[in-house]
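A look at the structure
Residues per chain, in single letters:
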Amino acid sequence: MSKIWQVFEQTSSVGGGFAPQIILLSLLLAFVLGQVLAWVYYFTHSGLSYSRSYVQSLILITVVVAMVMAVIGNNIITAVGLMGALALIRFRNVIKDTRDVAFIFCALVVGMAAGSQRYLTAIIGTIILSLIAAYLYLTNFGMHEPHNAFLRFSLKGHISSDHPIPKILKRFCGNFILISAHDSSYGDSMVEYAYQLMVRNADKNEQMLSEIQKTEGIENISLTMQEQLLEI
């Protein structure tokens, strides 16, 4: 293990020629680190816009960029030629999630570090980026969800301040807001209500609904939970 680190340190300090074994080491390291990024993305992804091809592309991008850096080396003319060739490529896929863009940039930078023989930078950077992504996922950092459910029901008459429905909602919800209340279109005394809820514990939804159903004159109860992240 110590010999491997010595190779990394020596090649990191020497920015010169690209021997075949150095190129092979760069590509293998880019492949391994690209897989690390892909696995981190896979385990920390949430939402509906998951793409298998995108996860595979993270690995391929890391290796391709490392190969590009090996081709360029210290040759400015080759670098300009590659820039012109890459400028001809048109990407038609629209990336909706800025988090996906961030992972692409991570793959690019890690591939550049591996391809330019800055192996320690590539390894340490991948570890730190992975830890940051795991921290953001586990802590739900940045989530702002004032309401997470919609409650609809029909009730005979209007709800007063001493009605049992608000008391039940106070027990199970951190907050609730009446968003609509209008008379039924069938000409009877039924009033259709709609509430926005902030449910404290989704596991107790059945208990909350069962207590609401015990209220006299209530009909057509429906509770709809929102997804934490809804991406179309």
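Going by the structure above, here's the rest.
Okay, so let's go over this structure. From a predicted model like this one, the values you see are computed outputs, not experimental measurements. (Residues numbered from 1 in each chain as written. Predicted model: local features only at pLDDT ≥ 70, side-chain atom pairs only at ≥ 80, totals over all residues. Heavy atoms only, no water.)

Relative to strand E3 (residues 190-199), strand E1 (residues 149-156) runs antiparallel, the two being bridged by eight bridges. Paired with Ala149 across the strands is Leu197, a residue of E3. As judged from the six bridges shared by E1 and strand E4 (residues 218-225), these two strands associate in the antiparallel manner. Each residue of the ladder has a partner; that of Arg152, found in E4, is Ser222. (Pairing = 2+ DSSP bridges. Helix = DSSP H or I, 4+ residues; strand = E, 2+ residues; numbered from the N terminus.)

A word on the nonpolar core. In this structure, Leu29, Leu33, Tyr41, Tyr54, Leu58, Phe103 and Ala122 are the most contacted members of the largest nonpolar core, which totals 25 residues. Where this core is concerned, the elements lending two or more residues are helix H2 (20-44), helix H3 (52-72), helix H5 (98-115) and helix H6 (119-138). In terms of residue count, H2 provides more of this core than any other element does, eight residues in total. If sequence neighbours within four positions are ignored, Leu33 has contacts with Val110, Ala122, Ile123 and Thr126. (Core = buried A, V, L, I, M, F, W, Y, C linked by side-chain atoms within 4.5 Å. Buried < 20%, exposed > 50% of the residue type's maximum accessible area, 1.4 Å probe, protein only. Contact = heavy atoms within 4.5 Å.)

The next thing to look at is the packing of H2 against H5. Any two packed helices are characterised by how steeply their axes cross, that is the angle between the axes, and by the distance between the axes. The geometry of H2 relative to H5 is characterised by a closest axis approach of 9 Å and an angle of 160 degrees between their N-to-C directions. With respect to H5, the axis of H2 lies roughly antiparallel. By crossing handedness, the relation of H2 to H5 is classed as right-handed. On H5, the residues touching Ser26, Leu29, Ala30, Leu33, Leu37, Val40, Tyr41 and Thr44 of H2 are Arg99, Asp100, Phe103, Cys106, Ala107, Val110, Ala114 and Gly115. (Axes fitted to C-alpha atoms, helices over the stretch in contact; angles between N-to-C directions. Parallel < 35°, antiparallel > 145°, perpendicular 65-115°, else oblique. Left-handed = near helix turned anticlockwise from the far one by under 90°.)

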